[in-house]
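A structural walkthrough
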Amino acid sequence: MSDPNSLIDSLLRGVMISAVNRAAFKGQPVFSMSTVSEGLRLGAASVGYDLLVKPAIKQVLPMVPLPGNGK
């Protein structure tokens, strides 16, 4: 996830999700700074999740015994 292209992709995806949310569910204008700032917050949360939470889950999950996997 440290690839600059994936970071930009996550931030832009957050802006797109924010635009769809504002247009479809809130009935607010899509082209506004509010859309951009909300989208950047969503994108930053996604980047934070990818950098911090995903590696921790991948590290801990193999140690958790799951029913039916033979352990």
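Because the structure is predicted, anything quoted here is derived from the model rather than measured. (Residues numbered from 1 in each chain as written. Predicted model: local features only at pLDDT ≥ 70, side-chain atom pairs only at ≥ 80, totals over all residues. Heavy atoms only, no water.)

**As for a nonpolar patch on the surface**
Taken together, the side chains of Y49, L51, L52, V53, I57, V60, L61, M63 and V64 make up a nonpolar region of the molecular surface, amounting to roughly 820 Å² of accessible area. Along the chain, V64 falls in the segment after α2 (33-60). (Patch = residues over 30% accessible without salt bridge, like charges linked within 9 Å, V, L, I, M, F, W, Y side chains within 5 Å. Areas by Shrake-Rupley, 256 points an atom, 1.4 Å probe, with all protein chains shown as cover. Salt bridge = Lys/Arg side-chain N within 4 Å of Asp/Glu carboxyl O. Helix = DSSP H or I, 4+ residues; strand = E, 2+ residues; numbered from the N terminus.)

**Considerations on the packing of helix α1 (residues 4-26) against α2**
At a minimum axis distance of 7 Å, the contact between α1 and α2 shows a crossing angle of 130°. Our classification of the angle between α1 and α2 gives oblique. The two elements α1 and α2 meet at a crossing, and its hand is right-handed. Judged by residue contacts, L7, S10, L11, G14, V15, I17, S18, A19, N21, R22 and K26 of α1 engage S34, T35, V36, E38, G39, L40, L42, G43, A44, S46, V47 and D50 from α2. By residue class, the composition of the contact of α1 with α2 is 10 nonpolar, 9 polar and 4 charged. (Axes fitted to C-alpha atoms, helices over the stretch in contact; angles between N-to-C directions. Parallel < 35°, antiparallel > 145°, perpendicular 65-115°, else oblique. Left-handed = near helix turned anticlockwise from the far one by under 90°. Contact = heavy atoms within 4.5 Å. Nonpolar A, V, L, I, M, F, W, Y, C, P; charged D, E, K, R; others polar.)

**Focus on the pattern of salt bridges**
This model, assessed by the stated rule, comprises 3 salt bridges. With its nearest N and O atoms 3.8 Å apart, the salt bridge here joins E38 to K26. Placement of the pair is E38 in helix α2 and K26 in helix α1, with a sequence separation of 12 residues. Residue class for E38 comes out buried when judged on its relative accessible area of 15%. A residue is classified by how much of its surface remains accessible, and K26, at 45% relative accessible area, is partly exposed. (Buried < 20%, exposed > 50% of the residue type's maximum accessible area, 1.4 Å probe, protein only.)

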